[in-house]
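Structural characterization, general
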Amino acid sequence: MTARNISQFWEWGRKIICVGRNYADHAKELKNAIPTEPILFLKPPSAYVREGSSILVPRYSNNLHHEVELGVVIGKGGTAIPESAAMEHVAGYALCLDMTARDVQDVCKSKGLPWTRAKAFNTSCPISEFIPKERIPDPGNVTLWLKVNDQLRQNGCTSQMIFSIPYLISYISEFITLEEGDLILTGTPKGVSAVQEHDQLQAGIQDVVTMSFRVDRQEK
Ligand SMILES: O=C([O-])CC(=O)C(=O)O
Ligand SMILES: [Mg+2]
């Protein structure tokens, strides 16, 4: 077996665990209640898309939204990880987009159904390069931004998260064993909006990383 490198974690087929409504200003803009416990959902590893490939609007959606998020890459697995030890399990970070078919999610929400078709489709998880832990010494205080065709749409700070990264690692690992190469998407700040075919998205974590993606429509 060839040695695996965490800097290519997206090739490992590991879990993508997403946190919803972790910023009060985003919960409010979609008229959702502020959660008192983390809201979680999953994306499959087939959702990953890397720079150079396009984000595809699913055939069944006419309202695809961007959500810029800080991703936490697990470096050491564990079950029931105490909050005090949580950061020892982090290998690094990635800038991520939680692409969301908002029209499909709205229908799911109104029927009380899971969000899988709205959140887990192919290319629903664009990611940056791997960012080693040392390059973000305080992940609880970094700025995330996103532009659509050079217009700033999202600009938030991870200090606004309702549930901190250590708390999330501890909470999730209580009932889902975390493995090396898993990714946790920590939720999006306000400013989510629709993207169209041919749009150019650019996103960044302050001066640490930037990434660009083009939007295309899934072919008929
Ligand atoms: O779809 C939503 O609004 C929930 C979510 O993923 C987030 O808050 O990041
Ligand atoms: Mg999200």
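Please refer to the structure higher up on the page.
Fair warning: this is a prediction, and the values are worked out from it, not measured in the lab.

**Some words on the sheet that holds strand β11 (residues 143-148)**
In space, the 5 strands of this open sheet follow the order β4-β16-β15-β11-β12, with mixed pairing throughout. Single-partner strands in this sheet number two, and they are β4 (55-57) and β12 (151-157). Averaged over all neighbouring strand pairs, the angle between strand axes comes to 20°, with direction disregarded.

**Some remarks on the pattern of salt bridges**
Tallying each qualifying case throughout the model produces 9 salt bridges. Taking the shortest distance from any N to any O, the salt bridge between Arg 214 and Asp 216 comes out at 2.9 Å.

**Comments concerning the sheet that holds strand β5 (residues 64-65)**
The strand order across the open sheet formed by 3 strands is β8-β5-β14, and the pairing between neighbours is antiparallel. Of all the strands in the sheet, just β8 (100-101) and β14 (194-195) have a single pairing partner and so form its edges. When β5 meets β8, the two strands line up antiparallel, connected through 2 bridges. Its bridge partner lying in β8, His 65 is registered against Thr 100.

**Focus on the pairing of strand β7 (residues 90-97)**
Burial of β7 is extensive: 7 of the 8 residues sit out of reach of the surface. By the bridge criterion, 7 bridges tie strand β6 (residues 68-74) to β7 in an arrangement that is antiparallel. Following the sheet pairing, Val 68 is matched in β7 by Leu 97. Of the pairings in the sheet, the one linking β7 to strand β10 (residues 131-132) comprises 2 bridges and is antiparallel in character.

**Let's talk about the coordination of the magnesium ion (ligand 2)**
The coordination sphere of the magnesium ion (ligand 2) contains the protein donors Glu 67 (OE), Glu 69 (OE) and Asp 98 (OD), at a distance range of 2.0 to 2.1 Å. In terms of primary sequence, the donors binding the magnesium ion (ligand 2) are separated according to E-x1-E-x28-D. Taken together, the residues Glu 67 in the loop between β5 and β6 and Asp 98 in the loop between β7 and β8 connect sequence positions 31 residues apart. Taking the relative accessible area as the measure of exposure, Glu 67 reaches 3% and is therefore buried. Among the residues examined, Asp 98 registers a relative accessible area of 0% and is labelled buried.

**Remarks on the packing of aromatic side chains**
Each pair of aromatic rings is reported with the distance of its centres and the angle of its planes. This structure, assessed with the given rule, holds 7 aromatic pairs. Consider the rings of Phe 163 and Tyr 167, whose centres lie 5.6 Å apart with planes at 20°: the pair is stacked. Overall, Phe 163 belongs to the buried group, its relative accessible area being 11%. The exposure class assigned to Tyr 167 is partly exposed, which follows from its relative accessible area of 30%. Geometrically, the ring pair formed by Tyr 167 and Tyr 171 is stacked, given 6.1 Å between the ring centres and 25° between the ring planes. Note that Tyr 167 and Tyr 171 are positioned in helix α4 (residues 165-173) at a spacing of 4 residues, about one turn of the helix. A relative accessible area of 21% places Tyr 171 in the partly exposed class. Grouped by ring-pair contacts, the aromatic residues Phe 9, Trp 10, Tyr 48 and Phe 130 constitute a single cluster. Between Arg 117 and the ring centre of Tyr 60, over which it is positioned, the NZ or CZ distance is 3.8 Å.

**Things to note about the environment of Asp 150**
Positionally, Asp 150 belongs in the loop between β11 and β12. Among the residues examined, Asp 150 registers a relative accessible area of 66% and is labelled exposed. Each C-alpha atom, one on Asp 150 and one on Gln 202, is 7.6 Å from the other, the two residues being 52 residues apart in sequence.

**Some details on unusual backbone geometry**
Even without glycine at this site, Thr 123 takes up a positive phi of about 70°. Along the polypeptide, Thr 123 turns up in the loop between α3 (116-119) and β9 (125-127). On the basis of relative accessibility, which here comes to 9%, the residue Thr 123 falls in the buried class. The phi torsion at Asn 149 lies on the positive side, around 50°, for a residue other than glycine. Relative to the helices and strands, Asn 149 resides in the loop between β11 and β12.

Conventions and cut-offs
Residues numbered from 1 in each chain as written. Chains lettered and ligands numbered in written order. Predicted model: local features only at pLDDT ≥ 70, side-chain atom pairs only at ≥ 80, totals over all residues. Heavy atoms only, no water. Pairing = 2+ DSSP bridges. Helix = DSSP H or I, 4+ residues; strand = E, 2+ residues; numbered from the N terminus. Axes fitted to C-alpha atoms, helices over the stretch in contact; angles between N-to-C directions. Salt bridge = Lys/Arg side-chain N within 4 Å of Asp/Glu carboxyl O. Buried < 20%, exposed > 50% of the residue type's maximum accessible area, 1.4 Å probe, protein only. Donors = N, O, S within 2.8 Å, 3.2 Å for Na, K, Ca; no water. Phe/Tyr/Trp six-rings, centres within 6.5 Å; stacked < 30°, edge-to-face > 60°. Lys NZ or Arg CZ within 6 Å of the ring centre and 35° of its normal.

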